[in-house]
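Remarks on the overall topology
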Amino acid sequence: MAADEKTPSYEQAREELTEVVRRLETGGLTLEQSIELWERGEKLAAVCEEWLQGARVKLAAAMARRAEPTSGHAEDAPF
């Protein structure tokens, strides 16, 4: 992606990646078109992986916070 292009959301990247795969599977493209689509698909897959890795990190952090023992103070209780 060019530096001035905005990184798509996970959902946008996944949707476009699905369309790229559909177009490649349909066939009827020149070799050059197929290669361009493949390269775009690789970039989109990398964007999706970045989003998923970020979500994994956030989830792991949230789970770690939840697993921490509480100090026993009433103000720390969720209710």
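Everything here concerns the structure above.
The paragraphs below set out a description of the structure included in this document.

1. Notes on the environment of E42
With respect to the helices and strands, the residue E42 is situated in helix α2 (residues 31-67). For E42, a relative accessible area of 44% translates into the label partly exposed. Spatially, the C-alpha atom of E42 lies 9.9 Å from that of V20, the residues being 22 residues apart in sequence.

2. Observations concerning the pattern of salt bridges
Within this structure, the stated rule accounts for 3 salt bridges. Here R56 makes a salt bridge to E49, at a shortest N to O gap of 3.1 Å.

3. What about the environment of L37?
Tracing the backbone through its elements, the reader meets L37 in helix α2. Among the residues examined, L37 registers a relative accessible area of 10% and is labelled buried. Residues L37 and L17, spaced 20 residues apart in sequence, show a C-alpha to C-alpha distance of 9.4 Å. Those residues in contact with L37 that sit more than four places away from it in its chain are V20, R23, L24 and L29.

4. A short note on α2
Under the 1.5 Å per step criterion, the end-to-end length of α2 is 53 Å for 37 residues, consistent within 8% with the ideal 54 Å. Of all the residues in α2, the buried ones are L37, G41, L44, V47 and C48. Check the buried side of α2 and you find it contacts α1 (10-26).

5. Quick notes on α1
Given a rise of 1.5 Å per residue, 17 residues ought to cover 24 Å, and the 24 Å separating the end C-alpha atoms of α1 matches this to within 8%. Looking one or two residues beyond α1, the residue adopting positive phi is G27, at roughly 80°.

6. What about the nonpolar core?
A13, V20, L37, L44, V47 and C48 form the largest nonpolar core, which has 6 residues in total. At the level of secondary structure, the elements contributing two or more residues to this core comprise α1 and α2. With 4 residues, α2 is the single largest residue contributor to this core. Among residues more than four places away in sequence, those in contact with C48 are Y10, A13 and R14.

7. Here's the deal with the packing of α1 against α2
Orientation of α1 relative to α2, taken along the N-to-C sense of each, is 150°, at an axis distance of 9 Å. In terms of orientation, α1 lies roughly antiparallel with respect to α2. Of the two possible hands of crossing, α1 and α2 adopt the one that is left-handed. Here Y10, A13, R14, E16, L17, V20, R23 and L24 of α1 come into contact with α2, specifically with S34, L37, W38, R40, G41, L44, A45, V47, C48, W51 and L52. Taken together, the residues that form the contact of α1 with α2 break down as 13 nonpolar, 2 polar and 4 charged.

Definitions and limits used
- Residues numbered from 1 in each chain as written.
- Predicted model: local features only at pLDDT ≥ 70, side-chain atom pairs only at ≥ 80, totals over all residues.
- Heavy atoms only, no water.
- Helix = DSSP H or I, 4+ residues; strand = E, 2+ residues; numbered from the N terminus.
- Buried < 20%, exposed > 50% of the residue type's maximum accessible area, 1.4 Å probe, protein only.
- Salt bridge = Lys/Arg side-chain N within 4 Å of Asp/Glu carboxyl O.
- Contact = heavy atoms within 4.5 Å.
- Expected span 1.5 Å × (residues − 1).
- Core = buried A, V, L, I, M, F, W, Y, C linked by side-chain atoms within 4.5 Å.
- Axes fitted to C-alpha atoms, helices over the stretch in contact; angles between N-to-C directions.
- Parallel < 35°, antiparallel > 145°, perpendicular 65-115°, else oblique.
- Left-handed = near helix turned anticlockwise from the far one by under 90°.
- Nonpolar A, V, L, I, M, F, W, Y, C, P; charged D, E, K, R; others polar.

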